[in-house]
Amino acid sequence: MRIGMGYDVHKLEEGRKMIIGGVEIPYEKGLLGHSDADVLIHAIMDALLGAAALGDIGKHFPDTEEKYKGISSLKLLEHVGELLEEHLYVIGNIDATIIAQKPKMRPHIDQMRENIAKVLGIEVDRVNIKATTEEGLGFTGNEQGISSQAICLLEEMREYSIVVNGGSCEGCKGCRKA
């Protein structure tokens, strides 16, 4: 069993879309970044990569590469999920918190959970997302930016024996015998 922690922060900026958890949230400002600046997905990716000892998002998706400019962070998360499969990790759960004074996140959280679960190929009940304010304190409370924290649990597939169809393998998703 491995545990990972991730953190990300992006500045609020006029003229940008606000995309969090793969959901476009109507708001007068968006998050500034090289990609779509999805602060929640970035924190989750760092937690997953950290738990697997595979580095961080800067290593895998450097902001100096043009191919990542404006890219959907859900696409990057999909790649992280593929890396986990290649290294024989299974996601036990993800727990994340969005820290933002505004806008309200609650109306969007269920869709965020569904987006993340779908991209990673896991059950939605393995993804928990919460939102909080900082009661007007700090850069998030002053509405200068939004941050997110995430923690995850990974389990190594090599620690388990799985019998499929009485022992015959027909190439399950992620199986190296396929």
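Preceding block: the structure.
This text gives an overview of the structure that appears in the document.

Calculation rules
Residues numbered from 1 in each chain as written. Predicted model: local features only at pLDDT ≥ 70, side-chain atom pairs only at ≥ 80, totals over all residues. Heavy atoms only, no water. Helix = DSSP H or I, 4+ residues; strand = E, 2+ residues; numbered from the N terminus. Contact = heavy atoms within 4.5 Å. Patch = residues over 30% accessible without salt bridge, like charges linked within 9 Å, V, L, I, M, F, W, Y side chains within 5 Å. Areas by Shrake-Rupley, 256 points an atom, 1.4 Å probe, with all protein chains shown as cover. Salt bridge = Lys/Arg side-chain N within 4 Å of Asp/Glu carboxyl O. Buried < 20%, exposed > 50% of the residue type's maximum accessible area, 1.4 Å probe, protein only. Lys, Arg positive; Asp, Glu negative; His and termini not counted. Polar contact = N/O pair within 3.5 Å; in protein donor to acceptor, adjacent residues only side chain to side chain. Axes fitted to C-alpha atoms, helices over the stretch in contact; angles between N-to-C directions. Parallel < 35°, antiparallel > 145°, perpendicular 65-115°, else oblique. Left-handed = near helix turned anticlockwise from the far one by under 90°. Core = buried A, V, L, I, M, F, W, Y, C linked by side-chain atoms within 4.5 Å. Expected span 1.5 Å × (residues − 1). Arc of directions from axis to C-beta.

Here's the deal with the environment of leucine 83
Here is step 1 of the chain: Residue position: leucine 83 is located in helix α3 (residues 73–86).
Here is step 2 of the chain: Expressed as a C-alpha distance, the spacing of leucine 83 and alanine 52, which sit 31 residues apart in the sequence, is 9.2 Å.
Here is step 3 of the chain: Contact partners of leucine 83, with chain neighbours within four places excluded, come to Leu49, Leu54 and His60.

So, a nonpolar patch on the surface
Here is step 1 of the chain: On the surface, Met1, Ile3, Met5, Tyr7, Val9, Phe139 and Ile151 cluster together to form a nonpolar patch covering roughly 710 Å² of accessible area.
Here is step 2 of the chain: Tallying contributions element by element places strand β1 (residues 2–14) first for the nonpolar patch, with four residues.
Here is step 3 of the chain: The residue phenylalanine 139 is located in helix α5 (residues 138–141) in this model.

Quick look at the side chain of aspartate 38
Here is step 1 of the chain: Position of aspartate 38 relative to the elements: it lies in the loop between β4 (29–31) and α1 (39–51).
Here is step 2 of the chain: One buried charged residue, aspartate 38, remains without a salt bridge, the closest side chain of opposite sign being arginine 16 at 11 Å.
Here is step 3 of the chain: Only 3.1 Å separates the side chain of aspartate 38 from the backbone nitrogen of isoleucine 41, close enough to count as a polar contact.
Here is step 4 of the chain: Here aspartate 38 is in contact with Ile19, Ile20, Gly21, Gly22 and Ser73, once residues within four sequence places are set aside.

Let's talk about the side chain of threonine 140
Here is step 1 of the chain: Relative to the assigned elements, threonine 140 resides in helix α5.
Here is step 2 of the chain: The contacts of threonine 140, once residues within four sequence positions are left out, are Ile99, Gln101, Glu134, Gly145, Ile146 and Ser147.

Observations regarding the packing of α3 against helix α4 (residues 106–120)
Here is step 1 of the chain: Viewed as axis vectors pointing N to C, α3 and α4 meet at an angle of 40 degrees, and their least axial separation amounts to 8 Å. Judged by the inter-axis angle, α3 sits oblique to α4. Crossing hand, α3 versus α4: right-handed. Counting all contacts with α3, which are made through Leu74, Leu77, Glu78 and Gly81, the residues of α4 involved are Asn115, Ile116, Val119 and Leu120.

Brief notes about the nonpolar core
Here is step 1 of the chain: Judged by nonpolar contacts, the single largest core of 47 residues is most densely connected at Ile20, Leu48, Met105, Met112, Ile116 and Ile146.
Here is step 2 of the chain: Looking at this core, the elements that each hand over two or more residues are α1, α3, β5 (89–99), α4, β6 (127–132) and β7 (145–156).
Here is step 3 of the chain: Considering every element that reaches this core, the biggest residue donor is α1, with ten residues.
Here is step 4 of the chain: With residues near it in sequence (within four places) discarded, methionine 112 still touches Ile20, Gly21, Val23, Ile25, Leu40, Ile98, Met105 and Ile129.

Here we look at α3
Here is step 1 of the chain: Taking 1.5 Å per residue as the helical rise, α3 with its 14 residues ought to reach 20 Å, and the 20 Å between its terminal C-alpha atoms agrees with that figure.
Here is step 2 of the chain: When α3 is considered as a whole, its buried residues turn out to be Ser73, Leu74, Leu76, Leu77, Val80, Gly81, Leu83 and Leu84. Axial view of α3: buried residues confined to an arc of 160 degrees, hence all on one face.
Here is step 3 of the chain: Its buried side turned inward, α3 meets α1, α2 (57–60), β5, α4 and β7.
Here is step 4 of the chain: With a side-chain oxygen lying 3.2 Å from the backbone nitrogen of leucine 74, the N-terminal cap of α3 falls on serine 72.
Here is step 5 of the chain: Note on α3: the residue one or two positions beyond its end, leucine 88, has a positive phi of about 65 degrees.

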